[in-house]
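Overview (structure and organization)
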Amino acid sequence: MLADYKRRFVKKLMQQLQSQIISTQENELDTILNIKKQDLVEVCRFIYEEKNARLFTMVGNDERGINGVFALYYVFAIDEIKHFITIKIFIDESDPTFPSMASHMPALNWYEREVNDLLGLRALGHPDRSPLILHGDWPEDFYPLRKDYKYDLMVPRTQDRNTFVEYTSEDITEIPVGPIHAGIIEPGHFRFGAVGDTILHLDAKLFYTHRGIEKTLEGKTIDQAMFLVERICCVCNVSHSVAFAQAIENAAKVKIPKRAAYLRTLFLELERLYNHVGDVGNICAGYGFAVGNSQGARMREQLLQLNERLSGHRYLRGAIALGGMKQDVTADEVTMITKELVELKEDFHELVNILLSHEIAVNRMERTGCLNLKQVTDLEVVGVAARASGRDIDCRRDLPYAAYGKVQFDVPVKTKGDVLRRIKIRIREVDASLSIIHQVLTSLPVGDICTGIPTIKPYTTTFGWTESSRGENCHWIMLGPENVIYRYRIRSASYSNWPAVALSVQNNIIPDFPLINKSFELCYSCCDR
């Protein structure tokens, strides 16, 4: 029934856009509509606004070696039909521009600036011309994701072109923080404009940990690529690995063994569990609640040790394979996991009771760092931050993968969008993860855990997705001949959510910034790549 509705939906959409479509390509995963770049704004706004689609990712690609031009792909998810619409435009090297849509779809702000930095494709009419990824001292005529750029080229630096908001009033104080911070955390520069201790504006400068992973992946075989994909981020490596594997399996039209699907779900939820438990403790550190911080760290360590006994790695690295799993679980390990998680649940709820009954703790979190539904929708915020503000999305439920379509779980949603609601969402999602793991372990099918991947047709585009503890990840890939990576684009949950942090701190006080920032618990490595 859903398949019939999807066919009718896509057919009607193509009829409505018939005059603007140059060519179409219908795949099981998505429908690609190739249009002229002058029609880009009209077509994308129609899909986004009239068809209730959400922006999934946007990718720039140097296809001069294939068809002589650059290309942009705008991928929209339509959750009601569990299908994707991809809008594709070609851009000639002689005129490397395209119409900006950032004013209509604010979530495209970073995407459009990124393709300018990395490919030299400029969005005409974009409100912010400042560099995003390569910072201001990178020369303007060097574009790392063009195919004629050598990945090991040493680039001469220039005068810094980065700009920040300038304040003319003497009542406003500029407060720079970072990129080097106290403690062992990743680098980011935050520049506050404040009156007294009240924040008026925040400029956030990230991408200090940009490692050129997407460039490095080009030319690697899909088996070689897995090693790097697992290292995009330490604490999200299962999520990224599954998203990559799923993209390749989608392109190869391979269905993984049933037992492998259940095992992937188990490992994904174990990763989600230690992150959420640890994040509850980290939020407590944001306002000096030492008991909560230490107990969250203790329980997280217990889960990491469980991971090591189960897989040989504290962060479950090396468990995922293309076509399934590298690691299985035994009956004794099932018993071990079950026993330890029963004990953890009791400990965790003891901490939750202490935390939520502490008047000062609740007061610090309530009405702090608020985001409303319009803000999170406009910016395409995902994960805990989205659901705490009333945006009811979770790709485990909406676009099920692995064995998520076979288990029952709640997707908690709040509406006030403050730190308190974000921590409450995490607390409820810990219970959901424990429930999913229990269901997986009690219904684990027997059978193989991996299948082979055949040679995939050259220049096939594909993508995979996962719901990490931070939110939805998307890995978009174009494959070259002999299963070699031609283009790889990683859109992490942190990439989607970082722009929202700057909005959430407005009208809050400077001392609450660490608390607000920790309530999002975003990852620099995932974002910067």
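As a reminder, the structure under discussion sits directly above these lines.
The notes below deal with the structure included here. For clarity, every value in this text was computed on a predicted model and none was experimentally measured. (Residues numbered from 1 in each chain as written. Predicted model: local features only at pLDDT ≥ 70, side-chain atom pairs only at ≥ 80, totals over all residues. Heavy atoms only, no water.)

**Quick notes on the sheet that holds strand 5 (residues 83-91)**
As summarised here, the arrangement of the 5 strands in space is 1-2-5-4-3, forming an open sheet in which the pairing is mixed. Unpaired on one side and paired on the other, strand 1 (21-26) and strand 3 (54-63) mark the two borders of the sheet. Neighbour-to-neighbour, the strand axes of the sheet open up by a mean angle of 20°, direction not taken into account. Where strand 4 (residues 69-78) meets strand 5, 9 bridges bridge the pair, whose relative direction is antiparallel. Bridge pairing in strand 5 links A71 to F90. Its contacts with the sheet put helix 4 (residues 108-119) on strand 3 and strand 4, and the angle it makes with strand 3 is roughly 10°. (Pairing = 2+ DSSP bridges. Helix = DSSP H or I, 4+ residues; strand = E, 2+ residues; numbered from the N terminus. Axes fitted to C-alpha atoms, helices over the stretch in contact; angles between N-to-C directions. Contact = heavy atoms within 4.5 Å.)

**Regarding the packing of aromatic side chains**
Scanning the model with the defined rule gives 21 aromatic pairs in all. Geometrically, the ring pair formed by W110 and Y495 is edge-to-face, given 5.3 Å between the ring centres and 75° between the ring planes. Of this pair, W110 sits in helix 4 while Y495 sits in helix 16 (residues 493-504), placing them 385 residues apart in sequence. When sorted by exposure, W110 lands in the same class as Y495, which is buried. Residues F463 and W465 carry aromatic rings whose centres are separated by 6.2 Å and whose planes lie at 45° to one another, so their mutual orientation is tilted. (Phe/Tyr/Trp six-rings, centres within 6.5 Å; stacked < 30°, edge-to-face > 60°. Buried < 20%, exposed > 50% of the residue type's maximum accessible area, 1.4 Å probe, protein only.)

**Structural notes on the side chain of Q246**
Among the structural elements, Q246 can be located in helix 7 (residues 237-252). Not counting the four nearest positions on each side in its chain, Q246 is found in contact with Y401, G464 and W465.

**Observations concerning the nonpolar core**
Of all hydrophobic cores here, the largest spans 176 residues; its most connected members are Y74, F76, I87, F98, F244 and L266. By residue number, the principal contributor to this core is helix 8 (residues 258-285), which donates 14 residues. (Core = buried A, V, L, I, M, F, W, Y, C linked by side-chain atoms within 4.5 Å.)

**Looking at the environment of L2**
Take L2: it is sitting in helix 1 (residues 2-16). Sequence separation of L2 and G193 is 191 residues, and the distance between their C-alpha atoms is 51 Å. When neighbours within four sequence positions are excluded, L2 is seen to be in contact with E80, I81 and K82.

**Considering helix 10 (residues 331-356)**
Its 26 residues give helix 10 an end-to-end C-alpha distance of 37 Å, which sits within 8% of 38 Å, the value for a rise of 1.5 Å per residue. Every buried residue of helix 10 is listed here: E333, V334, I337, L341, L344, F348, L351, V352 and L355. (Expected span 1.5 Å × (residues − 1).)

**Thoughts on unusual backbone geometry**
In this model, G178 is joined to P179 through a cis peptide bond whose omega is 15°. Tracing the sequence through the fold places P179 in the loop between strand 8 (173-177) and strand 9 (189-195). Even without being a glycine, K253 presents a positive backbone phi close to 55°. The topology assignment puts K253 in the loop between helix 7 and helix 8. The class of K253 is exposed, set by a relative accessible area of 72%.

**What about the sheet that holds strand 9?**
Within the open sheet, the 3 strands sit side by side as 8-9-10. Their pairing is antiparallel. Of all the strands in the sheet, the pair left with one neighbour each is strand 8 and strand 10 (198-205). For this sheet, the mean angle separating the axes of adjacent strands, direction not counted, is 20°.

**Comments concerning helix 7**
Compared with an ideal rise of 1.5 Å per residue, which puts 16 residues at 22 Å, helix 7 spans 22 Å between its outermost C-alpha atoms and is within 8% of the ideal. Of all 16 residues in helix 7, 15 are buried, a share of seventy percent or more. In the segment just after helix 7, K253 is the residue with positive phi, at about 55°.

**A few points about the pattern of salt bridges**
Enumeration over the complete set of coordinates arrives at 40 salt bridges. A salt bridge links R489 to E114, with the nearest nitrogen and oxygen atoms 3.4 Å apart. Taken together, the positions of R489 in strand 15 (residues 485-491) and E114 in helix 4 put the pair 375 residues apart, joining distant regions of the chain. Here R489 falls in the buried class, since its relative accessible area comes to 2%. Here R491 and E472 are joined by a salt bridge, their closest N and O atoms 3.0 Å apart. With a gap of 19 residues between them, R491 in strand 15 and E472 in strand 14 (residues 472-479) connect regions that are remote in the sequence. Residue class for R491 comes out buried when judged on its relative accessible area of 1%. (Salt bridge = Lys/Arg side-chain N within 4 Å of Asp/Glu carboxyl O.)

**A closer look at the packing of helix 16 against helix 17 (residues 513-520)**
Where helix 16 meets helix 17, the axes come as close as 10 Å, and the angle between the chain directions of the two elements is 150°. Taken together, the axes of helix 16 and helix 17 are roughly antiparallel relative to one another. Crossing of helix 16 over helix 17 shows right-handed handedness. Residues W498, A500, V501 and S504 of helix 16 pack against F513, I516, N517 and F520 of helix 17. Grouping the amino acids of the contact of helix 16 with helix 17 by side-chain chemistry returns 6 nonpolar, 2 polar and no charged. (Parallel < 35°, antiparallel > 145°, perpendicular 65-115°, else oblique. Left-handed = near helix turned anticlockwise from the far one by under 90°. Nonpolar A, V, L, I, M, F, W, Y, C, P; charged D, E, K, R; others polar.)

Shape is all these values report; function is a separate question.
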